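Spelled out, the chains give:
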Amino acid sequence: MNDLTLYEKIPKSSFPIRLLDYLNTSYNFPIHWHEHIEIHYIFSGMAIIRCADEIIKLTDGDCVIVNGNELHQGIDGKCSYGCMILPPSFFDDTHIIFNRTFRDSKVTEMFTKIYESFRKQNTGYQYEVKGYTNLLTAYLIQNHTWEMLSENLYLNRMQKLDKINNAVQYINKHFADKITTIELAKLTHLSEGHFCNIFKEATGMTAKEYINEVRIKNAVELISSTDMTITEAAMYSGFSDSNYFTKMFKKVMGKTPSSIRKN
């Protein structure tokens, strides 16, 4: 697999289940994808996640499944949550697309047991975690499967992400320059219309919206950590119109550039 901007290479391990435990932390992580299936369970608090073309609000007891080869991003929130990451091989090379989000008392029960064992780490806890995870996986397959993908459809999803990666990599490097969808389409060897469609399908945003988001986040960094004026930060981030910059800033951040500077 190419080392692309959005692709996260998850390290191999002799223990196939990767558990991450986040307590009362901000729910904010960059947009990325991988072949692994990622399951988030919200123990308490609130979170907002983007999965492909959908923005999902999560609260206590919600479970969200990020399917393999799906772009996802933690947008906002503060919560305590568990993140379980399972490799494709855990599913015997069956390409399953799970329901994205749901609330299920049985899932709550099993996630609670998994994380109780993980936090205590008594002797042999790995076997206990693996046993509970096998039960959880069986339950999810039986009750929360959306569809089974053929090998061709699975590879097609990966190819689309590879193409989008080339465009996103270019945007992340050249966001301060003028960027057109015609240029991005040429990078991906697609027609402009086809490129725009698969970009929106994969990221949940139009290419223009993504460019603005990257520019705004760069402006936030400049406003927060340098002595640049707000106008200078906007210009260095690729905005030539200060009124448009303020409008986009409020849309993306939910607050004004001056309030960021004050804080």
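Our structure's up above, just so we're on the same page.
Predicted model, so just to flag it, every value in this text is computed and none were measured.

Draft legend 1. A look at the overall build of the protein. Summing up its helical and strand segments, the protein has nine helices and nine strands in all. Taken along its principal axes, the extent of the C-alpha atoms in the protein is 60 × 45 × 30 Å. Per-residue burial for the protein yields a buried fraction of 45% across its 263 residues. Look at the contacts in the protein between residues 6 or more apart in sequence, and 74% of them connect residues 24 or more apart.

Draft legend 2. Layout of the side chain of Glu 70. Within the element layout of this structure, Glu 70 appears in the loop between strand S5 (63-66) and strand S6 (72-86). With a relative accessible area of 6%, Glu 70 lands in the buried category. When residues no more than four places from it in sequence are discounted, the contact partners of Glu 70 are His 32, Trp 33, His 34, Cys 51, Ala 52, Ile 65, Arg 100, Arg 157 and Leu 161.

Draft legend 3. The pairing of S5, seen in detail. Burial along S5 is two-sided: the face carrying Cys 63 and Ile 65 and the face carrying Val 64 and Val 66 are both buried. For S5 and strand S8 (residues 101-102), the ladder comprises two bridges, and the chain directions are antiparallel. Its bridge partner being in S8, Val 64 is matched across the sheet by Thr 101.

Draft legend 4. Just the nonpolar core, in detail. Leu 19, Ile 39, Met 84, Val 107, Phe 111, Leu 136 and Leu 140 are the most contacted members of the largest nonpolar core, which totals 25 residues. Of all the secondary-structure elements, those providing two or more residues to this core are strand S3 (37-51), S5, S6, strand S7 (95-98), helix H1 (105-120) and helix H2 (125-143). Excluding residues that lie within four positions of it along the chain, Met 84 makes contacts with Ile 17, Arg 18, Leu 19, Ile 37, Glu 38, Ile 39, Phe 111, Ile 114, Tyr 115, Thr 133 and Leu 136. One finds Ile 31, Leu 71, Ala 185 and Tyr 210 within the second-largest nonpolar core, a separate group that totals 24 residues.

Draft legend 5. Representation of helix H8 (residues 242-253) within the structure. Between the first and last C-alpha of H8 there are 16 Å, a value that for twelve residues agrees with the 16 Å anticipated at 1.5 Å per step. Looking at the packing, one finds that the buried side of H8 touches helix H6 (207-225), helix H7 (230-236) and helix H9 (257-262). If you check the start of H8, you find a side-chain oxygen 2.9 Å away from the backbone N of Asn 243, and it comes from Asp 241.

Draft legend 6. Highlighting the packing of aromatic side chains. Tallied over the entire structure, the rule returns 15 aromatic pairs. With a centroid separation of 5.3 Å and an interplanar angle of 20°, the aromatic rings of Tyr 41 and Phe 111 are classed as stacked. Residue Tyr 41 is found in strand S3, and its partner Phe 111 is found in helix H1; the two are separated by 70 residues along the sequence. Residue classification places Tyr 41 among the buried positions, given a relative accessible area of 4%. Through a chain of ring-to-ring contacts, three or more aromatic side chains come together here, namely Tyr 41, Phe 43, Phe 111, Tyr 115 and Phe 118. The ring of Phe 43 is capped by Arg 119, whose NZ or CZ atom sits 5.1 Å from the centre of that ring. In this structure, Arg 215 is placed above the aromatic ring of Phe 239, and the distance from its NZ or CZ to the ring centre is 6.0 Å.

Draft legend 7. Structural context of the environment of Asn 28. With respect to the secondary-structure elements, Asn 28 resides in the loop between strand S1 (18-26) and strand S2 (29-32). When its relative accessible area of 54% is taken as the criterion, Asn 28 is described as exposed. Spatially, the C-alpha atoms of Asn 28 and Tyr 7 are 17 Å apart, while their sequence positions differ by 21 residues. In terms of polar contacts, Asn 28 uses its side chain to reach the backbone carbonyl oxygen of Ile 75, at 3.4 Å.

Draft legend 8. Fine view of the packing of helix H4 (residues 181-188) against helix H5 (residues 192-203). One can describe the packing of H4 onto H5 by two numbers: an axis separation of 9 Å at closest approach and a directional angle of 85°. Considered as vectors, H4 and H5 are oriented roughly perpendicular to each other. In this structure, H4 uses Thr 181, Ile 182, Leu 184, Ala 185 and Thr 188 to contact H5, whose residues at the interface are Glu 192, Phe 195 and Cys 196. Looking at the contact of H4 with H5, its residues break down into five nonpolar, two polar and one charged.

Calculation rules
Residues numbered from 1 in each chain as written. Predicted model: local features only at pLDDT ≥ 70, side-chain atom pairs only at ≥ 80, totals over all residues. Heavy atoms only, no water. Helix = DSSP H or I, 4+ residues; strand = E, 2+ residues; numbered from the N terminus. Buried < 20%, exposed > 50% of the residue type's maximum accessible area, 1.4 Å probe, protein only. Contact = heavy atoms within 4.5 Å. Pairing = 2+ DSSP bridges. Core = buried A, V, L, I, M, F, W, Y, C linked by side-chain atoms within 4.5 Å. Expected span 1.5 Å × (residues − 1). Polar contact = N/O pair within 3.5 Å; in protein donor to acceptor, adjacent residues only side chain to side chain. Phe/Tyr/Trp six-rings, centres within 6.5 Å; stacked < 30°, edge-to-face > 60°. Lys NZ or Arg CZ within 6 Å of the ring centre and 35° of its normal. Axes fitted to C-alpha atoms, helices over the stretch in contact; angles between N-to-C directions. Parallel < 35°, antiparallel > 145°, perpendicular 65-115°, else oblique. Nonpolar A, V, L, I, M, F, W, Y, C, P; charged D, E, K, R; others polar.

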